[in-house]
Amino acid sequence: VQLQASGGGLVQAGGSLRLSCAASGTWLRLNAMSWYRQAPGNQRELVATITSDGSAVYADSAKGRFTVSRDNAKNTIYLQMNSLKPEDTAVYYCNANARSTAYTFATAWGQGTQLTVSS
């Protein structure tokens, strides 16, 4: 599984941005996909996860402001981020878990996309 993230950039506080992450490769089933972020000096943290059937969970910092969605036909997940704050500044990574074969599973990471929120 290969992941390609896109959509990062520079935005003012209070603004919005949407990230995308497209999966490619081969698998029997693409399971949960997630967005993580890592700010300088901090550990990577989970932002949101969405299962293959569309169920989503969010970190407390994302609840009410971020929405994760998924287009299974395009093997793509999105992260709509509203009411952005300077503390949302980080590199955002997508993650996917897949059943590769009947007996193996795989976890993949995208290359990361930078979000900078100016105050």
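See above for the structure.
Note that the structure is a prediction, hence the values are computed from the model and not measured.

Analysis parameters
- Residues numbered from 1 in each chain as written.
- Predicted model: local features only at pLDDT ≥ 70, side-chain atom pairs only at ≥ 80, totals over all residues.
- Heavy atoms only, no water.
- Pairing = 2+ DSSP bridges.
- Helix = DSSP H or I, 4+ residues; strand = E, 2+ residues; numbered from the N terminus.
- Axes fitted to C-alpha atoms, helices over the stretch in contact; angles between N-to-C directions.
- Salt bridge = Lys/Arg side-chain N within 4 Å of Asp/Glu carboxyl O.
- Buried < 20%, exposed > 50% of the residue type's maximum accessible area, 1.4 Å probe, protein only.
- Polar contact = N/O pair within 3.5 Å; in protein donor to acceptor, adjacent residues only side chain to side chain.
- Contact = heavy atoms within 4.5 Å.
- Core = buried A, V, L, I, M, F, W, Y, C linked by side-chain atoms within 4.5 Å.
- Disulfide = S-S within 2.5 Å.

**Q** Please clarify how the sheet that holds strand 8 (residues 76-81) should be interpreted in this entry.
**A** By definition, the strands of a sheet pair up through backbone hydrogen bonds, in either a parallel or an antiparallel sense. Spatial strand order, 1-3-8-7: four strands in an open sheet with antiparallel pairing. With partners counted over all chains shown, the strands left at the sheet margins are strand 1 (2-6) and strand 7 (66-71), one partner each. Each strand of the sheet is rotated relative to its neighbour by a mean of 15 degrees, with strand direction disregarded. Of the strand pairs in this sheet, strand 1 and strand 3 (residues 17-24) are connected by five bridges, and their pairing is antiparallel. Directly across from serine 6, in strand 3, lies its bridge partner serine 20.

**Q** Would you explain the pattern of salt bridges in this entry?
**A** When the charged atoms of two side chains lie near each other, side chains of opposite charge can form a pair. With the rule as written, the count across this model stands at four salt bridges. A salt bridge links arginine 37 to aspartate 88; the nearest nitrogen and oxygen atoms lie 2.9 Å apart. Here the residue arginine 37 occupies a position in strand 4 (residues 29-38), and aspartate 88 occupies one in the loop between strand 8 and strand 9 (90-99), the gap between them amounting to 51 residues. For the pair arginine 37 and aspartate 88, one class covers both residues: buried.

**Q** Where do I start with the side chain of threonine 49 in this structure?
**A** Assignment of secondary structure puts threonine 49 in strand 5 (residues 45-50). Of note is the side chain of threonine 49, whose polar atom sits 2.8 Å from the side chain of serine 34. The contacts of threonine 49, once residues within four sequence positions are left out, are Ala32, Met33, Ser34, Ser55, Ala56, Val57 and Val68.

**Q** Help me out: how do you make sense of the nonpolar core in this one?
**A** The tendency in soluble globular proteins is for nonpolar side chains to be buried as a group. Of all hydrophobic cores here, the largest spans 29 residues; its most connected members are Trp35, Leu79, Met81 and Tyr92. For this core, the secondary structure elements donating two or more residues are strand 1, strand 3, strand 4, strand 5, strand 7, strand 8, strand 9 and strand 11 (113-118). When residues in this core are grouped by element, the largest group, five residues, is from strand 9.

**Q** Help me out: how do you make sense of the state of the cysteines in this one?
**A** What we call a disulfide is simply a covalent bond connecting the sulfur atoms of a pair of cysteines. This structure, assessed with the given rule, holds one disulfide. Put simply, cysteine 21 and cysteine 94 are joined by a disulfide, and their sulfur atoms are 2.1 Å apart. Residues cysteine 21 and cysteine 94 are joined by a disulfide whose S-S torsion is about 65 degrees; by sign, that bridge is right-handed. In this pair, cysteine 21 sits in strand 3 while cysteine 94 sits in strand 9, placing the two residues 73 residues apart along the sequence.

**Q** For this particular structure, what's the right way to read the side chain of arginine 70?
**A** Along the polypeptide, arginine 70 turns up in strand 7. Here the side chain of arginine 70 touches isoleucine 50 through a polar contact of 3.3 Å, landing on its backbone oxygen. Here the side chain of arginine 70 touches threonine 51 through a polar contact of 3.2 Å, landing on its backbone oxygen. In this structure arginine 70 touches Leu30, Asn31, Ala32, Met33, Ile50, Thr51, Ser52, Thr76 and Ile77, once residues within four positions along its chain are discounted.

**Q** Mind showing me how you'd approach the pairing of strand 10 (residues 105-109) here?
**A** Within a regular strand, the side chains alternate between the two sheet faces. Note: strand 9 against strand 10, five bridges, orientation antiparallel. Following the sheet pairing, alanine 96 is matched in strand 10 by alanine 108. Taking the residues that link successive antiparallel strands as the turn, the strand 9-strand 10 hairpin has five residues.

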